[in-house]
Every structure is written in structure tokens, then in C-alpha cells.
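Survey of secondary and tertiary structure
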Amino acid sequence: MSVPDLPLSVCIITRNEEEKLPDCLDSVEWAREVIVVDDFSTDATPEVCRAYSNVSYHRRRLEGFGFQKAHAVNLAANDWILSLDADERVSPELRDEIAGVVAEPAGQAGFCVRLRHFWFGTTQLDSYPGGLRLFRKSRGNFGPYYVHEKVDLEGPVGQLEEFLLHYPRSGEDFSSYYQKYVGLYSPLAARDYFARGRRVTVLNSFWQLIMIPLLVFGRDYLVKRKFRQGRIGLYVSVCAALSYQRSYWQLIWLQRRPRREEEEST
């Protein structure tokens, strides 16, 4: 299927992605416009972007993932947005499916897309519905989230059947996975909790610091059946639990910050 000139912009945020980004950009060379918002990369990410005629490169300091992706969407000239990460690829099959639904959206404001993950030497498929990745800018955008960002959309959402291909750097070894999901995401999640008024108190601390991480582990390892993945499933389930626990410890630190600043000023 030949891809028509679609009113679609691809939006990508980056930080030192010179290794993964070329394959991503190659997979969307058919797109009318690609917006890249870069968190001041120190590698060759800018040079990679400038090698593609359909890529518009911008720099902006990362405050949070939702804020950064919303900024990229705001820069887009087209109504239809396809949101990608630099370690993802659009297969020819998904490209053709996107072309079909953008040409004839049947009243849908957006579409969910599942991922096919290539990590730790294995392949894993997302369950339905996946994430909302293709949507109309006129109907919504990413909300003000520091991490676990999502699109706040008005209107019906459809489902695409083809997969995005995901080659995460964090899936190359266990250390990289821990650094991303526990080391990077936990402080950002704490900022989300704090901004939304969530607090750790004497009364709820046992629940927040002990019970929620245990329940998260049980959900991932047992309910989502990650035990079927052997030691990989055990490791990612433990990391999910630790990420929640560390985010609440970080929340306690944020709660104490005004008191520390007051003490330091006296």
C-alpha cells in the first residue's frame, strides 16, 4: 500500500538517542512532519535529526515526560499526532493501518496501539488496548504528568491491531532496567504525587511504604503472570515494587523540603 500525504505529525522526545533514533526516523520517513524535542543531548542526536528532511528539531529542558510531549504536540502543524519514543519503530504493516484510519477515522478521536517489546533476548506483546498513541490534536493532548504520561482526550477511542516495535535500552541488561524504572521514574512519580496532593502520613505510611509495593509485586508477578517469564519476570516485578516504594520515600523528602528550607534560612 502506498502511503498518501497524510495530515499527520510524528512527535518524539529525546535525550542522547544517537544509537536508537536513526532506526526510529527511518521508520517514519513517510510522515509529512516529524517533531523532535530534545533535552539538550550531548551526543550526536542533533546531527542525526538534521539528516532527515521531514524532521523539525527543537531543544527544551525536560521538566517531566508529559510536559515535554505536550510541548512537542503543540509545535506540530497537523491535526493527527503519532507519539513515539526514540527506541520504537513503525512497521510497514502499522504504517499502512495508520494511513487507513487517518484517511477514514470513522468518528474516532484517537487510537490505541500495542507494543511488541524486544528485551532481555525475548519478545513480549502488550495486552489490549495498549497506549493511546495516535490522536487528534484538536481533541486532546498529553496532561501535566512528570512520569507515566497519558493523553487527555475528548471523544471515542479506537483500536489498532498492528504493533509498534519497541527496542528499549533498558531491556538490554538488568542494571539498565533498574536505573530507568527505579532510579529515574521514582523521583518523577513522587513529583506527580506531590503536585496532586498525595501525602505520606503516620497513619498511612505502612500502607504506602509496605503494602502498596507488595500488592504491585503480586499484581505483576501473579495476576499479570510474569512468573511465566522466569527470572526476567521476577526481576521486572521486583523493580515495579521497588519503584513504588522509592517514589513514596521521595514523596516524604518533598514533604519535608519546605521545613528544611525554613530551618536553613534561620
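This one's a predicted model, so the numbers in the text were calculated from it and none came from an experiment.

The next subject is the overall build of the protein. When helices and strands are tallied, the protein shows seven helices and eleven strands. Here the protein has a C-alpha radius of gyration of 20 Å; the compact-globule value for 266 residues is 18 Å, and the two agree. The dimensions of the protein, computed from C-alpha atoms along their principal axes, are 60 × 50 × 40 Å. Looking at the protein as a whole, 48% of its 266 residues are labelled buried. Counting only carbon and sulfur atoms, one obtains 52% of the accessible surface of the protein, whose full area is about 13,500 Å². Both charge centroids of the protein, one from 34 positive and one from 35 negative side chains, sit 7 Å from each other.

Now for the pairing of strand S8 (residues 131-136). The pairing of strand S4 (residues 80-85) with S8 spans three bridges and is classified as antiparallel. In the sheet register, Trp80 faces S8, and the bridge partner there is Arg136.

Inspection of the secondary structure assignment puts Arg133 in strand S8. The residues contacting Arg133, other than those within four sequence positions of it, are Ile81, Leu82, Ser83, Leu84, Asp85, Glu88, Phe111, Val113, Leu115 and Leu164.

Under the definition given, this model contains 13 salt bridges. Linking Lys20 and Glu172 is a salt bridge whose minimum nitrogen-to-oxygen distance equals 3.3 Å. Of this pair, Lys20 sits in the loop between strand S1 (8-14) and helix H1 (21-26) while Glu172 sits in the loop between strand S11 (157-166) and helix H5 (174-195), and the two are 152 residues apart along the sequence. The residue Arg89 makes a salt bridge to Asp23 at a minimum N-O spacing of 3.9 Å.

Glancing now at the environment of Val102. Inspection of the secondary structure puts Val102 in helix H4 (residues 92-103). Spatially, the C-alpha atom of Val102 lies 9.5 Å from that of Arg136, the residues being 34 residues apart in sequence.

Per the stated rule, a full pass over the model turns up zero disulfides. Summary of cysteine pairing: Cys24 is not part of a disulfide, and the nearest cysteine sulfur, belonging to Cys49, is at 9.6 Å. Here Cys24 falls in the buried class, since its relative accessible area comes to 0%. Judged by relative accessible area, which is 1%, Cys49 ranks as buried.

Per the stated rule, a full pass over the model turns up 16 aromatic pairs. Summarising the aromatic geometry, the rings of Tyr193 and Tyr248 are spaced 5.1 Å apart at their centres and angled 20 degrees between planes, so their arrangement reads as stacked. Note that Tyr193 is positioned in helix H5 and Tyr248 in helix H7 (residues 231-265), a separation of 55 residues in sequence. This pair shows no difference in class: Tyr193 is buried, exactly as Tyr248 is. Site record: aromatic cluster; members linked through ring pairs are Phe65, Trp119, Phe120, Phe174, Tyr177, Tyr181, Tyr185 and Tyr235. Sitting above the plane of the Tyr128 ring, Arg114 keeps its charged end 3.8 Å from the centroid. If you follow Arg199 out to its NZ or CZ, it ends over the ring of Phe194, 4.0 Å from the centre.

Sheet analysis places strand S5 (residues 88-90) next to S11, joined by three bridges and oriented antiparallel. Residue pairing in the sheet places Val90 in a bridge with Leu164 of S11. Pairing of strand S6 (residues 110-119) with S11 involves seven bridges; the strand directions are parallel. Each residue of the ladder has a partner; that of Gly110, found in S11, is Val157.

Another point: the side chain of Ser170. Note that Ser170 resides in the loop between S11 and H5. Here Ser170 falls in the buried class, since its relative accessible area comes to 5%. When neighbours within four sequence positions are excluded, Ser170 is seen to be in contact with Phe120, Ser176, Tyr177, Lys180 and Tyr181.

Moving on, we get to a nonpolar patch on the surface. Taken together, the side chains of Tyr178, Leu234, Val238 and Leu242 present a nonpolar region at the surface, about 300 Å² in accessible area. When residues in the nonpolar patch are grouped by element, the largest group, three residues, is from H7.

What counts and how
- Residues numbered from 1 in each chain as written.
- Predicted model: local features only at pLDDT ≥ 70, side-chain atom pairs only at ≥ 80, totals over all residues.
- Heavy atoms only, no water.
- Helix = DSSP H or I, 4+ residues; strand = E, 2+ residues; numbered from the N terminus.
- Rg over C-alpha atoms; globule rule 2.2 N^0.38 Å.
- Buried < 20%, exposed > 50% of the residue type's maximum accessible area, 1.4 Å probe, protein only.
- Areas by Shrake-Rupley, 256 points an atom, 1.4 Å probe, with all protein chains shown as cover.
- Lys, Arg positive; Asp, Glu negative; His and termini not counted.
- Charge placed at Lys NZ, Arg CZ, Asp CG, Glu CD.
- Pairing = 2+ DSSP bridges.
- Contact = heavy atoms within 4.5 Å.
- Salt bridge = Lys/Arg side-chain N within 4 Å of Asp/Glu carboxyl O.
- Disulfide = S-S within 2.5 Å.
- Phe/Tyr/Trp six-rings, centres within 6.5 Å; stacked < 30°, edge-to-face > 60°.
- Lys NZ or Arg CZ within 6 Å of the ring centre and 35° of its normal.
- Patch = residues over 30% accessible without salt bridge, like charges linked within 9 Å, V, L, I, M, F, W, Y side chains within 5 Å.

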